[in-house]
Amino acid sequence: MPAFVYKGLNADGATVEGRISASDRIDAQRQLEAQTIAPFELRESRATDRVYARRKARPRDRQRFMRQLAVLLRAGTPLLSAFEVMESEEPCRDLAQSASAVRRDLRSGARLSGALRSHLGAGFPEYAPRLVELGETTGDLPKAFNDIASQMEAELKSATEVRNALAYPSFLAVAGLVAVTFIFLFVVPRFAALLGEDRSDLPAFSRWVIETGVFLRAHLMQTGAVAAGLVVAVILGSRNPGLRGAVEQALMSAPVIGRFLKASETARWARICGTALSGGAPLLDALSLAEAAVRSNRRRQGLIEARRAIRSGDALDEALKRFGEFDAMTINLIKTGRISASLDEMLLFVAETHEAEAQSLAKQLTSLAEPIAIAFIAIVVGVIVVSLVMAMTSLYDVAL
């Protein structure tokens, strides 16, 4: 339904303005008259008239977008009308533009899954268009959008828990870095001034700390430039898929964080695969869809090999046991689901089990990260203080 922008006078004679949805200009005038508004300017809304709350969508906005589409379709709203509502009511500009582009493709006769694949953008998961394609095949689009929203919500919840768990340790690490920088730039140079130019008689360790502080203070601009360069390098490296994958693969070998990453990936894989199967997807298609959600290159390659073995006639649990790097409990649950013809339900149960394990491990990470951060700061500051005390003691001995 088109939107109209108006300016007019209300019953009190005050000037008011706003937007109103109406079938045509006459309908818009009737609605305004019913609200006792006398319009002196009324025109159809243009894209430039819209004021958005945000230009870029956040992960929470994308999840809400899918959930609202599921609700509209479940309520019986026609597909074109649902995307028209999303276009007119969406507070994020890029999501509103995506809804407009999808609606335009639908009116041209394109399939919904293809339109979503073309216009959803990089922020949406790869499985979204594939699940919609399954919904088109089975005729249950509301369930497809609901499954997408549920999966995105689970991933968002997991990421939020990790951020919350690491927020305080990260604050401690930053505060410690600031404290150490302050000591090196302001405290250590003052001690150097007290000790004089000749520091050859100082212990080697104390001399190294003091010379470092003096050097950093004397080359403050260069030090800042190097620090800024390191920050930029870290940011760029985090955006590099290959480097990020290598780091994640290395972290998977760590004692606690490795178990957390594996549990999270297993939960994500099992939920997407189980959701696809419950939506009517064939097993091989469901496995292919779930593979895209696995971030570890080595594990993804193992899942691809397992899918090839299944295509050759191997049982699902046997192929996953050989190539999938799953624990014995997960393999047994999948085997039980295959034998009882309830594989989709069992995979969703596997997902819930590993999500609970990931939450427990996230709490362990929090309990470990805090003392490690505190101990690291205390050790660094203590080393600096001990080196300065050793320098002063050495100077005192020389004076005797």
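Going by the structure above, here's the rest.
Residues numbered from 1 in each chain as written. Predicted model: local features only at pLDDT ≥ 70, side-chain atom pairs only at ≥ 80, totals over all residues. Heavy atoms only, no water.

Caption draft 1: Representation of the packing of helix H2 (residues 59–74) against helix H7 (residues 141–195). At a closest axis distance of 8 Å, the pairing of H2 and H7 adopts a crossing angle of 155°. By the angle between their axes, H2 is roughly antiparallel relative to H7. Considering only the axes of H2 and H7, their crossing is left-handed. Each of Pro59, Arg60, Arg62, Gln63, Met66, Arg67, Leu69, Ala70, Leu73 and Arg74 in H2 lies in contact with H7, whose residues at this interface are Leu141, Pro142, Lys143, Phe145, Asn146, Ile148, Ala149, Ser150, Met152, Glu153 and Leu156. When its residues are assigned to classes, the contact of H2 with H7 shows 12 nonpolar, three polar and six charged. (Axes fitted to C-alpha atoms, helices over the stretch in contact; angles between N-to-C directions. Helix = DSSP H or I, 4+ residues; strand = E, 2+ residues; numbered from the N terminus. Parallel < 35°, antiparallel > 145°, perpendicular 65-115°, else oblique. Left-handed = near helix turned anticlockwise from the far one by under 90°. Contact = heavy atoms within 4.5 Å. Nonpolar A, V, L, I, M, F, W, Y, C, P; charged D, E, K, R; others polar.)

Caption draft 2: A look at helix H15 (residues 328–339). Its 12 residues place the ends of H15 16 Å apart at the C-alpha level, agreeing with the 16 Å of an ideal helix rising 1.5 Å per residue. Here H15 has its buried residues at Thr330, Ile331, Leu333, Ile334 and Gly337. Angular distribution of buried residues about the axis of H15 spans 165°; they occupy a single face of the element. Within H15, the exposed residues directed more than 90 degrees away from the buried face are Ala328 and Ile339. Of the residues one or two after H15, Ala341 is the one with positive phi, at around 60°. (Expected span 1.5 Å × (residues − 1). Buried < 20%, exposed > 50% of the residue type's maximum accessible area, 1.4 Å probe, protein only. Arc of directions from axis to C-beta.)

Caption draft 3: The arrangement of the pattern of salt bridges in detail. The final tally for this structure, using the stated rule, is 14 salt bridges. The salt bridge involving Glu153 is made with Arg67; its shortest N-O contact spans 3.1 Å. Of the two residues, Glu153 is situated in helix H7 and Arg67 in helix H2; the sequence distance between them amounts to 86 residues. By relative accessible area, Glu153 is classed as partly exposed at 38%. Under the relative-accessibility criterion, Arg67 is labelled partly exposed at 23%. With a shortest N-O distance of 3.3 Å, Arg298 and Glu325 are connected by a salt bridge. Residue Arg298 is found in helix H13 (residues 297–311), and its partner Glu325 is found in the loop between helix H14 (316–323) and H15; the two are separated by 27 residues along the sequence. Taking relative accessible area as the criterion, Glu325 reaches 40% and is therefore assigned partly exposed. (Salt bridge = Lys/Arg side-chain N within 4 Å of Asp/Glu carboxyl O.)

Caption draft 4: Spatial organisation of the packing of aromatic side chains. Applying the stated criterion across every chain yields a total of three aromatic pairs. Look at Phe65 and Phe124: their rings are 6.2 Å apart centre to centre, the planes differ by 65°, and that puts the pair in the edge-to-face class. On the criterion of sequence distance, the pair formed by Phe65 in helix H2 and Phe124 in the loop between helix H5 (112–119) and helix H6 (127–138) is long-range, its members being 59 residues apart. Judged by its relative accessible area of 7%, Phe124 falls in the buried class. (Phe/Tyr/Trp six-rings, centres within 6.5 Å; stacked < 30°, edge-to-face > 60°.)

Caption draft 5: Just empty space enclosed by the protein, in detail. Applying the stated criterion to the full structure yields one cavity of 30 Å³ or more. There is about 40 Å³ of room inside the largest cavity. Looking at the lining of the largest cavity, the elements with two or more residues in it are helix H12 (283–291) and H13. Taken together, the residues of the lining of the largest cavity sort by class into six nonpolar, no polar and two charged. (1 Å grid on protein atoms, 1.4 Å probe; cavity = no way out; pocket = protein on both sides within 12 Å on 5 of 7 lines; lining within 4 Å. Points joined across faces, edges and corners; volume = space filled by probe spheres on them.)

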